[in-house]
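# Inside the fold
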Amino acid sequence: MDCEREEKGVCSSESVNGGQDVWSCNDSYSSSADHLVVMVNGILGSSTDWKFAAEQFVRMLPDKVFVHCSVRNVSKLTLDGVDVMGERLAEEVIEVIKRMPEVRKISFIGHSIGGLVARYAIGRLYRPPRRENAEDASTNACNEDSRGTICGLEAMNFITVATPHLGSWGKKQVPFLFGVTVLEKVAPLIIHWIFRRTGRHLFLTDNENGETPLLRRMLDDYGDLYFMSALRVFRRRVTYSNTGYDHIVGWKTSSIRRNWELPKWEECLHEKYPHIVYEERCKANDDKQCEPVSVDNESSDLLEEELVTGLSRVSWEKVDVSFQDSKQRFAAHSVIQVKAPFMQSEGGDVIQHMIDNFLT
């Protein structure tokens, strides 16, 4: 792999499978960097969407991480459905790992639909723990060998940024519909004309012939896909969510909360991160605690409640972001990722927060 660009200790190149690789150019890289960070773009996006964040990661965590910006699901390929994209991402990750024998750990960072694609991919990449017998499973539950892996690697951070975990079907889940009931009811009927299979998955209308919608299936291990086991094996699971001005993904769906769980906030928490207004560590609910709360009989409310309850079976760190005082606030969906650094630099503190709390 030849270095095509070197700047301030950062080296990047196009990998053999077309993805964008970013790593430290320090001499000790080859012997010390053992943590693969996979960054996944959102709908109609590309690998360059994570360029700024990738470079910040290797600058701030030199000789610790190797960043791979996925390229298997870009542009119109992001309309093929979460499952198809997830399979492609899984294949891509396997190829990257094969040419990096020194890698021991893995993390994922997904923006928008990329977070759902990553959730699907880890379900494919999950490997159960190696145990001699059932007795070992009970007596050595905390032993490192008793933990599952992601393609043989230790699972560290699973981070989503403005990702619609609860889908886009429901009240105020898609802000540009302005909460108008008629528009929210019509959208699921026509969304596939624009976003094809991905639209069906987001609006949970992929239930032809009585099949369970994909996002509902992703709440459990399903066949040979270990969705929940894979999510559970990560040391951290984190959501970064826009509290407002994100016209694509609503606050509830990106932060995995019900309406009444959305926090109240007044100002930023830390001078270093001016746009982060609330942080919450949510413990995992056990099966007894995971009974859905009572809701009305609207199917969207019932399904939303099921999604919240299912995803709450694992712990989450929830980080709420506000660009309400920013000149770039109307582009919050991209600013939170710093998709275009020359225009959206205000989201840099979100990336910094991500790096400062990253487990390496």
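Keep in mind it's a predicted model, so treat the numbers as computed, not measured. Sequence order as written defines the numbering, with residues in each chain counted from 1. Under the rules for a predicted model, residues below a pLDDT of 70 receive no local features and side-chain atom pairs below 80 are neither given nor counted, while totals for whole chains, interfaces and linings still include all residues. Hydrogens and water molecules were not included; the side-chain quantities draw on all heavy atoms of the structure.

A few words now on helix 12 (residues 348-356). Three exposure classes are used, based on accessible area relative to the maximum for each residue type with a 1.4 Å probe and protein chains only: buried under 20%, partly exposed in between, and exposed over 50%. Only DSSP runs of H or I reaching four residues or more are called helices, and only runs of E reaching two or more are called strands; each is numbered from the N terminus. A large share of helix 12 lies buried, amounting to eight of its nine residues. Buried within helix 12 are the following residues: Gly348, Asp349, Val350, Ile351, Gln352, His353, Met354 and Ile355. Contacts are residue-level and defined by heavy atoms, with any inter-residue pair within 4.5 Å sufficient. For helix 12, the elements touching its buried residues are helix 2 (51-60), strand 6 (105-111), strand 9 (154-161), strand 12 (236-242), strand 13 (276-282) and strand 14 (316-321).

Looking now at the pairing of strand 6. Side-chain direction in a regular strand flips from residue to residue, so the side chains alternate between the two faces of the sheet. Extensive coverage of strand 6 is indicated by the burial of seven of its seven residues. Taking every second residue as pointing to the same face, both faces of strand 6 are buried, with Lys105, Ser107, Ile109 and His111 on one and Ile106, Phe108 and Gly110 on the other. Pairing of strand 6 with strand 9 involves six bridges; the strand directions are parallel. Each residue of the ladder has a partner; that of lysine 105, found in strand 9, is glutamate 154. When DSSP locates at least two bridges between a pair of strands, those strands are taken to pair.

Aromatic contacts are taken between Phe, Tyr and Trp rings whose centres are within 6.5 Å, Trp giving its six-membered ring; a plane angle under 30 degrees counts as stacked, one over 60 as edge-to-face, and the others as tilted. The tally for this structure, following the rule as stated, stands at seven aromatic pairs. The interplanar angle of 85 degrees and the centroid separation of 5.0 Å between the aromatic rings of phenylalanine 57 and phenylalanine 358 together place this pair among those described as edge-to-face. Of the two residues, phenylalanine 57 is situated in helix 2 and phenylalanine 358 in the segment after helix 12; the sequence distance between them amounts to 301 residues. The class for phenylalanine 57 is buried, based on a relative accessible area of 0%. We classify phenylalanine 358 as buried; its relative accessible area is 7%. Through successive ring pairs, a cluster of aromatic residues spans Phe108, Phe158 and Phe234. The ring centre of tyrosine 222 lies 5.6 Å from the NZ or CZ of arginine 217, which sits over that ring. Consider the ring centre and the ring normal. A charge sits over the ring if Lys NZ or Arg CZ is within 6 Å of that centre and within 35 degrees of that normal.

These figures capture arrangement, not role.
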